[in-house]
Structure formats: C-alpha cells, structure tokens
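The primary structure of each chain is shown beneath.
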Amino acid sequence: MEGRFLALCRTAGLERPLVNEVVKGLEVDFLWAEHRLVVETDGFGSQATGHGFERDRRREAVLVRAGLRVLWFSQRQVSERPLEVVDTLRAAGVPARRQERLASPKRSG
C-alpha cells in the first residue's frame, strides 16, 4: 500500500511525503510536515472490527489536537480511484514536486 501511494504521488507530480514518521507518539503513514497534513491509508481489514475503527478515531483526534489535518484513503480508493485521491491531495494543499535542477558540468577545451 505504501509503495502504491508513493507511486501515485510521484506519477501525479506531487511533493513526496515523509513516510512512517512519528507525530505525538503515533506513527503516521504519510506526512507533509510543512503543510501540517497527515495521510493514513489502510485496507478494509484494519477497519473490520469496532476496535480498529475506534483506535483510528482516537489517533485522528490526537493528530487534530496537534494542529494537523488528517485524510484517510482506503486501498480501493488508491487503486481504483487514483484521480480522486490526487484531486483531494491537491485541494488539501499538497504542492507539485520541487524540480531540482542540477548544474551541468562545464567541459573544458
């Protein structure tokens, strides 16, 4: 799932997030720290129990209290509706990837 989400960001030309960063004692899937945005991705299995659902709501509350915005995307959204995911990320303020320009070496004589 992680690789698929990062590939989607790369293909869309979006800035690469930090991956598996710890924020307020919680490991988040993806973080754009400068934009105070967290993205969590998961499959249906992680939400299949009431416990998983409650755990995720508590996690989100901790992150929101820390001043972060949290977006959740399912595996199905990332795989089957990637344009919607990209549009949502852009609407949330994720910028285009910074183009790093390397100076070409000068050739002598």
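Our subject is the structure that appears above.
The text that follows walks through the structure, step by step, so that each part is easy to find. (Residues numbered from 1 in each chain as written. Predicted model: local features only at pLDDT ≥ 70, side-chain atom pairs only at ≥ 80, totals over all residues. Heavy atoms only, no water.)

### Section: the overall build of the protein chain
Regarding its fold elements, the protein chain presents four helices and four strands. For the protein chain, the α and β elements follow one another from N to C terminus as α-β-β-β-α-β-α-α. Burial status across the protein chain gives 31% buried among its 109 residues. Nonlocal contacts in the protein chain, meaning residues at least 24 apart in sequence, comprise 59% of its contacts between residues at least 6 apart. Here the protein chain has roughly 7400 Å² of accessible surface; of this, 51% comes from carbon and sulfur atoms. (Helix = DSSP H or I, 4+ residues; strand = E, 2+ residues; numbered from the N terminus. Buried < 20%, exposed > 50% of the residue type's maximum accessible area, 1.4 Å probe, protein only. Contact = heavy atoms within 4.5 Å. Areas by Shrake-Rupley, 256 points an atom, 1.4 Å probe, with all protein chains shown as cover.)

### Describing the environment of Arg76
Tracing the backbone through its elements, the reader meets Arg76 in helix α3 (residues 75-80). Judged by relative accessible area, Arg76 falls into the exposed class, the value being 60%. It is 7.4 Å that separates the C-alpha atoms of Arg76 and Gly43, two residues lying 33 residues apart in sequence.

### Here we look at unusual backbone geometry
The backbone phi angle of Asn20 is positive, close to 55°, even though this residue is not glycine. You can see Asn20 is positioned in strand β1 (residues 18-23). Given the relative accessible area of 33%, Asn20 is considered partly exposed. Here the phi dihedral of Arg36 falls at roughly 55°; this positive angle occurs in a residue that is not glycine. Its location among the elements puts Arg36 in the loop between β2 (26-32) and β3 (37-42).

### Describing helix α1 (residues 2-11)
Every buried residue of α1 is listed here: Phe5, Leu6, Leu8 and Cys9. Seen from one end, α1 has its buried residues packed into an arc of 155°, which puts them on one side. Residues of α1 that are exposed and point more than 90 degrees away from the buried face comprise Arg10 and Thr11. The inward-facing, buried residues of α1 contact β1, β2, β3, β4 (69-74), α3 and α4 (82-91). Just downstream of α1, Gly13 is the residue with a positive phi angle, here 75°. (Arc of directions from axis to C-beta.)

### Examining the sheet that holds β2
Reading across from one edge, β1-β2-β3-β4 is the order of the four strands in this open sheet, with mixed pairing throughout. At either end of the open sheet lies a strand with only one pairing partner, and these are β1 and β4. Across the sheet, the mean angle from the axis of one strand to that of its neighbour is 45°, orientation sign disregarded. Bridge count for β1 against β2 is five bridges, and the pairing is antiparallel. Across the sheet, residue Glu21 finds its bridge partner in β2, namely Val28. Docked against the sheet, α1 engages β1, β2, β3 and β4, running at close to 15° with respect to β2. (Pairing = 2+ DSSP bridges. Axes fitted to C-alpha atoms, helices over the stretch in contact; angles between N-to-C directions.)

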